[in-house]
Amino acid sequence: AYTMATGLSANGVSALAEDRSGRIYLAGRSGIDRLDPVTGRVRRFDSADGLTPGEFRVAARDRNGALWFGGDQGLV
């Protein structure tokens, strides 16, 4: 189980997406976390990384492999 105690920015997750390398992106109210299931490492992305502020509610990977996240302030 992954929680704030293991490095996630929040215990609640609104949406998930997987990149071509098998890393899992968890979108929620505190930004986006990237979980590497092989190592268990979590990297947090937020406004300092260029994300819009607010909650992210949807996540998807397009046919070209690009990840998209939608939230309160738009699409990134």
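In what follows, the structure referred to is the one given above.
Notes on the structure in this doc start here. Nothing here was measured: the structure is a model prediction, and the numbers come from that model.

## With respect to the sheet that holds strand 1 (residues 15–18)
Point 1. A sheet is described by the order of its strands in space; here four strands give the open sequence 1-2-3-4, paired in antiparallel fashion. Strands with a single pairing partner mark the edges of an open sheet, and in this sheet they are strand 1 and strand 4 (42–45). Pairs of neighbouring strands in the sheet enclose a mean axial angle of 20°, with direction left out of account.
Point 2. Note: strand 2 (residues 24–28) against strand 3 (residues 31–35), five bridges, orientation antiparallel. Bridging from a neighbouring strand, Leu26 pairs with Asp33 of strand 3.

## A few points about the layout of surface pockets
Point 1. Of the voids in this model, the largest pocket is the one considered here, and its volume is about 150 Å³.
Point 2. As for the largest pocket, its lining consists of Arg23, Arg34, Leu35, Asp36, Thr39, Arg41, Val42 and Arg43.
Point 3. Of all elements in the fold, only strand 3 and strand 4 reach the threshold of two or more residues within the lining of the largest pocket.

## Considerations on the pattern of salt bridges
Point 1. Enumeration according to the criterion identifies five salt bridges in this entry.
Point 2. Ionic pairing is found between Arg57 and Glu55, a salt bridge with its closest N-O pair at 3.6 Å.
Point 3. A relative accessible area of 45% means that Arg57 is categorised as partly exposed.
Point 4. Within this structure, Glu55, Arg57 and Asp72 form a network of salt bridges that share partners.

## Regarding the environment of Ala15
Point 1. Among the secondary structure elements, Ala15 is positioned in strand 1.
Point 2. By relative accessible area, Ala15 is classed as buried at 11%.
Point 3. Apart from the residues within four sequence positions on either side, Ala15 is in contact with Tyr25, Leu26, Ala27, Arg57, Val58 and Ala59.

Rules behind the numbers
Residues numbered from 1 in each chain as written. Predicted model: local features only at pLDDT ≥ 70, side-chain atom pairs only at ≥ 80, totals over all residues. Heavy atoms only, no water. Pairing = 2+ DSSP bridges. Helix = DSSP H or I, 4+ residues; strand = E, 2+ residues; numbered from the N terminus. Axes fitted to C-alpha atoms, helices over the stretch in contact; angles between N-to-C directions. 1 Å grid on protein atoms, 1.4 Å probe; cavity = no way out; pocket = protein on both sides within 12 Å on 5 of 7 lines; lining within 4 Å. Points joined across faces, edges and corners; volume = space filled by probe spheres on them. Salt bridge = Lys/Arg side-chain N within 4 Å of Asp/Glu carboxyl O. Buried < 20%, exposed > 50% of the residue type's maximum accessible area, 1.4 Å probe, protein only. Contact = heavy atoms within 4.5 Å.

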